[in-house]
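# Residue-level structural notes
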Amino acid sequence: MGTSHTLGEILENRGVSRRAFLKYASYVSALMALPPGAATAMAEGLANARRQSVIWLSFQECTGCTESLTRSFSPTLESLIFDVISLDYHHTLQAASGEAAEKAREAAMLENKGKYVVVVDGSVSTRDGGVYSTISGVSNLEMLRATVKDALAVIAVGTCAAFGGIPKARPNPTGAMAIDELVTDKPVINIPGCPPIPEAMAGVISYLVSFGKLPELDHLRRPKAFFGETIHDRCYRRPFYERGLYAEGFDDEGARQGYCLYKVGCKGPVTYNACATLKWNGGVSFPIQSGHGCIGCSEPDFWDQGGFYRPLSTSLAGLGPALAGAAVAGAALGAGAAWASRRHQQAYVKEQAATEGGEK
Amino acid sequence: MTLLEFARGPALQVSLVIFVAGALWRFVGALMLPWRLIPAQPREGAPSPVMSALKGIFVKMWPHKPFEKAGMFTFVNGYIFHLGLAIVVFLFVPHILFIKGLTGLNWPGLPNSLVYTVGVVTAASLVAGLIHRLRSPVLQLISRGDDYFSWAMTFLPVVTGLLAATHIGARYETLLAAHILSICAFFIWFPFGKLMHAFLFVFSRGMTGIRMGQRGAEL
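Residues numbered from 1 in each chain as written. Chains lettered and ligands numbered in written order. Predicted model: local features only at pLDDT ≥ 70, side-chain atom pairs only at ≥ 80, totals over all residues. Heavy atoms only, no water.

## Focus: the side chain of Glu102 of chain A
- Inspection of the secondary structure puts Glu102 of chain A in helix α6 (residues 98–111).
- Not counting chain neighbours up to four residues away, the residues in contact with Glu102 of chain A comprise Tyr89, Ile135, Ser136 and Met143 of chain A. (Helix = DSSP H or I, 4+ residues; strand = E, 2+ residues; numbered from the N terminus. Contact = heavy atoms within 4.5 Å.)

This is the structure in structure tokens:
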């Protein structure tokens, strides 16, 4: 299917009713907390838009982001998006491989110069010229720069692309970097998560296509509609936190009662994402509902926050040896000071006694 | 490194090292000083040093009759914020987890909403104490920079903790980082200022009791 037809025409040909299309636009508008009139504007924008050319680059990643999107439990919504965008290059989903695949990317770039959207999942290796991750002998860094050069915007999908993710975890052997550290002259939207929520991805693309601009972003370039509140703020276990009822382990009575998971390391209070509201698998559940604390996967460097099972209020630093050394040093200083004081006192008493003896 | 990572990592590490070394330096130094500072023999009929020490510790927990009216606010307000601080510090679950991470000790906490209420009362009591200090001519005369700085070092963690709990003023992780950093400042200042009385007040009161008892003075 070419990019010359509007989405409205394409959907009409596919038998998608206007009512279903409006429902979709309303759903996405509501997801993104847009004002009531925005649903109609989005529907009109989408209907009149041409198929958006998308080039999907996969770098240092595990394909979990793609799996998340393709295995979404709302296929009527997400497949709609994937049917109406022109996904011109995607390692996992495209039929072509090898040189043919790379030629398809180059052709799409040439045909849609300045208008295509680049979606990236995975971080970029930068150490030693980026040799640790290459595609067809081209380093990720080189491919990113070449592809992004004429792009309209870049969407970094997943925490690896948005913040470096697991490849960037200490000691970061490949010199992994996030996309927005490398792309500074194009609009970049981060949709972090390990993996990200499919609806967030669908919503952002719909917004971009229908309004032709970026949605409102936070200081980490994440769409506020999906990353505006913490997991903790919207968690159904929050009342247990306030009441001081916690699970002490994953198999104790507290865990069975569904108490708050703060003590077993939940990072919900400092994690911004929509898991607690949109949930996963068609709204069935999310990690906390399934009994595991939030690991903070949509936050930068979540892998290096001292361990998934250490409570948020504990120190990140290994304190044992440092504190033992400080205790010994402090006690020695104190003893030394007391000894010096005693000597000074004894000398004073002797001096006083000698003076008194002399006077006699 | 984010502000929160800095606060939970190097800031806590450095401040705790200073706190432990400084507190032990002063504590061991004070306890290893000669206990018998008065060379004279005790008066006849003087109570034992232990009894004198206990009297010194407990008698000062309430004002003497002649000073009851004048000193009542200081005593009552002092009890309110000291007990409030003890509840907030030692019975708030995230704080217990922090202490558990350091020492391995664990005990049950109170519901968060109750601790928040105690925190508000504690903050109000600390403000009232400061106003009283600023308005009292006698307290003004005997107050030094240490008193005001120690007050600020105590007040800041309470206020930032309340802000973090209520999410007022900034994003939660920023408020949490500010709270932890204010505690780091508290730890660093603790051994070097009047906050050290938390460890030494029992011994200083006890020693005063022993000296007074030895001289036959009524406490």
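## Some points on unusual backbone geometry
All names here are of chain A.
- In this model, Arg170 is joined to Pro171 through a cis peptide bond whose omega is 10°.
- Residue placement: Pro171 occurs in the loop between α8 (158–163) and β8 (176–177).
- Each neighbour pair has its own omega, and for Cys194 with Pro195 the value is 5°, a cis peptide bond.
- As for its placement among the helices and strands, Pro195 is situated in the loop between β9 (188–191) and α10 (198–211).
- Of note, Asn172 is a non-glycine position whose phi angle comes to about 45°, a positive value.
- Note on placement: Asn172 falls in the loop between α8 and β8.

## Some words on the pairing of strand β7 (residues 153–157) of chain A
Residues and elements named next belong to chain A.
- Judged by how many residues are buried, β7 sits mostly within the fold: 5 of 5 residues are covered.
- The alternating pattern of β7 places Ala153, Ile155 and Val157 and Val154 and Ala156 on opposite faces, both of which are buried.
- Where strand β3 (residues 117–121) lies against β7, 5 bridges are found, and the strand directions are parallel. Note on β7: the bridge partner recorded for Val118 is Val154. (Buried < 20%, exposed > 50% of the residue type's maximum accessible area, 1.4 Å probe, protein only. Pairing = 2+ DSSP bridges.)

## A short note on the packing of aromatic side chains
- Scanning all chains against the criterion turns up 24 aromatic pairs over all chains.
- Look at Phe240 of chain A and Tyr259 of chain A: their rings are 5.1 Å apart centre to centre, the planes differ by 50°, and that puts the pair in the tilted class. Here Tyr259 of chain A lies in the loop between α13 (253–257) and α14 (275–278) and Phe240 of chain A lies in helix α12 (residues 238–243), a separation of 19 residues in the sequence.
- Measuring from centroid to centroid gives 4.6 Å for Trp151 of chain B and Phe155 of chain B, while their planes differ by 15°, and the two rings are stacked. You can see Trp151 of chain B and its partner Phe155 of chain B sitting in helix α7 (residues 145–166), 4 residues apart, about one turn around the helix.
- Overall, Phe155 of chain B belongs to the buried group, its relative accessible area being 18%.
- Taken together, the aromatic side chains of Phe19, Phe27, Phe186, Phe187, Phe190, Phe199 and Phe203 of chain B make up a single cluster linked through ring pairs.
- Over the aromatic face of Tyr272 of chain A sits the side chain of Arg171 of chain B, whose NZ or CZ is 3.9 Å from the ring centroid. (Phe/Tyr/Trp six-rings, centres within 6.5 Å; stacked < 30°, edge-to-face > 60°. Lys NZ or Arg CZ within 6 Å of the ring centre and 35° of its normal.)

## Some points on the confidence of the model for chain B
- Looking at chain B as a whole, its pLDDT mean stands at 92, while 98% of the residues score no less than 70.
- Across the assembled chains, the prediction reports ipTM 0.82 with pTM 0.83. (pLDDT = per-residue confidence, 0-100.)

## Structural notes on the nonpolar core
- Val119, Ile155, Ile191, Met201, Phe226 and Ile288 of chain A together with Leu16 of chain B are the most contacted members of the largest nonpolar core, which totals 95 residues.
- It is helix α1 (residues 3–31) of chain B that contributes the most residues to this core, 9 residues altogether.
- Sequence-distant contacts of Ile155 of chain A, defined by excluding residues within four places in its chain, comprise Val117, Val118, Val119, Val120, Ile189, Ile191, Val204, Ile205 and Leu208 of chain A.
- With 24 residues, the next largest nonpolar core counts Leu57, Met109, Ile135 and Leu182 of chain A among its residues. (Core = buried A, V, L, I, M, F, W, Y, C linked by side-chain atoms within 4.5 Å.)

## Quick word on the packing of helix α2 (residues 49–59) of chain B against helix α9 (residues 197–215) of chain B
Residues and elements named next belong to chain B.
- Packing of α2 against α9 brings their axes to within 7 Å, and their N-to-C directions diverge by 125°. As summarised for this structure, α2 and α9 are arranged oblique, according to the angle between their axes. For the pair α2 and α9, the sense of crossing is right-handed. For the pair formed by α2 and α9, the contact residues are Pro49, Ser52, Ala53, Gly56 and Ile57 on the first element and Val202, Arg205, Gly206, Gly209, Ile210 and Gly213 on the second.
- For the contact of α2 with α9, the class distribution of residues is 5 nonpolar, 5 polar and 1 charged. (Axes fitted to C-alpha atoms, helices over the stretch in contact; angles between N-to-C directions. Parallel < 35°, antiparallel > 145°, perpendicular 65-115°, else oblique. Left-handed = near helix turned anticlockwise from the far one by under 90°. Nonpolar A, V, L, I, M, F, W, Y, C, P; charged D, E, K, R; others polar.)

## Let's talk about the interface of chain B and chain A
- With 35 residues of chain B at the contact, the number on the chain A side is 40 residues.
- Carbon and sulfur atoms supply 61% of the area buried between chain B and chain A, which totals about 3,300 Å² over both sides.
- The largest per-residue losses of area from chain B upon contact with chain A belong to Arg8, Leu97 and Arg171 of chain B, which jointly make up 20% of the total buried on that side.
- Taken together, the links from chain B to chain A amount to 0 salt bridges.
- For the pair chain B and chain A, the number of links is 13 residue pairs in polar contact (both at pLDDT 80 or more).
- Sorting the residues of the side of chain B that touches chain A by element identifies α1, α4 (93–103), α5 (112–135) and α8 (172–189) of chain B as the ones contributing at least two each. (Buried area = accessible area lost by both parts, 1.4 Å probe. Salt bridge = Lys/Arg side-chain N within 4 Å of Asp/Glu carboxyl O. Polar contact = N/O pair within 3.5 Å; in protein donor to acceptor, adjacent residues only side chain to side chain.)

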